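Coordinate inspection notes
Now for the letters of each chain:
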Amino acid sequence: MGRKFFVGGNWKCNGTIEEVKKIVTMLNEAEVPSEDVVEVVVSPPFVFLPLVKNLLRSDFQIAAQNCWVRKGGAFTGEVSAEMLLNLGVTWVILGHSERRLIMNESNEFVGDKVAYALSVGLKVIACVGETLEQRESGSTMSVVAAQTNAIADRISNWSNVVIAYEPVWAIGTGKVATPAQAQEVHSELRKWLKDNVGAEVAASTCIIYGGSVNGSNCKVLAAEPDVDGFLVGGASLKPEFIDIIKAATVKKSD
Ligand SMILES: O=C(CO)COP(=O)(O)O
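This write-up is about the structure you can find in this document. Keep in mind it's a predicted model, so treat the numbers as computed, not measured. (Residues numbered from 1 in each chain as written. Predicted model: local features only at pLDDT ≥ 70, side-chain atom pairs only at ≥ 80, totals over all residues.)

**Quick notes on the pairing of strand β3 (residues 60-64)**
With respect to burial, β3 is a largely interior element, four of its five residues being buried. Note that the unit made of strand β2 (residues 38-43), helix α2 (residues 49-55) and β3 has a crossover that is right-handed. Alignment of β3 against strand β4 (residues 91-94), held across two bridges, turns out to be parallel. Across the sheet, the residue bridging to Ala63 is Trp91, located in β4. In this fold, β3 hands off to helix α3 (residues 81-87), which returns the chain to β4; that crossover is right-handed. (Buried ≥ 20, exposed ≤ 12 C-beta atoms within 10 Å, placed from the backbone. Helix = DSSP H or I, 4+ residues; strand = E, 2+ residues; numbered from the N terminus. Right-handed = clockwise from strand over helix to strand, strands pointing away. Pairing = 2+ DSSP bridges.)

Now the structure itself:
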């Protein structure tokens, strides 16, 4: 039950048409391991999804950074899961800490979003992770378990879910988790899945790490047995994103 290495690029709220075209050209020209070895998904802001979809190489996929919790309708400013599918978008990032903390998205709301997006056929990168305060008070695993539990309560099929462990204190700070810190949470989370969902889901679900991943630290992180890839923010806008994709080969040579 091998897990394929997964690298997501979360562009967040960045970019102009010109910059987006440059990033796509950089990605299209890159030589990276084949689709059998690594799954690459880039996530531009909503407005650039059609442009990126049209220009991006076909072995890379695209993700939205959010979507509405249920079917579309009178929800001003929202984008529905159905619209994403209609555009040919295959993935959506849900529960990113920037949405949990800035937009006050609760565990339950994120769980509802994950369940709805999966039900219409989208694949989901579901983000979990603790704040610095929560880590320092020793509650990392209870926070991550509660976030994951709100999803587990609402879905039964995990085959289209990737979990991104993104400690909030490591996001955009340059303070990357050490390989041991990442491995510890990933393995505890996998154990939580085994105990609460099932052994098969625990063994087959990709758990990727996010938070200050760059071209220099990606290989040591990728070498950890329960780190199945990355969700990359800042570095996904730069050429070093290619080096991060290539970290997949660390696994292949195991
Ligand atoms: O939030 C992240 C990816 O979703 C990580 O962001 P950085 O890689 O910029 O720390």
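We are not done yet, so read on.
**Describing the site of the ligand**
Around the ligand, a shell composed of 14 residues is seen, among which Asn10, Ile171, Gly210, Gly233 and Gly234 lie nearest. Its residues assigned to classes, the shell around the ligand shows five nonpolar, eight polar and one charged. (Near = placed C-beta within 6 Å. Nonpolar A, V, L, I, M, F, W, Y, C, P; charged D, E, K, R; others polar.)

**A short note on helix α1 (residues 17-29)**
In this model, α1 (13 residues) spans 18 Å end to end at C-alpha, consistent with the 18 Å of a helix rising 1.5 Å per residue. Every buried residue of α1 is accounted for by Val20, Ile23, Val24 and Leu27. Across the axial projection of α1, the buried residues extend over an arc of 100°, all falling on one side. Turned more than 90 degrees away from the buried face of α1, the exposed residues are Glu18, Thr25 and Glu29. (Expected span 1.5 Å × (residues − 1). Arc of directions from axis to C-beta.)

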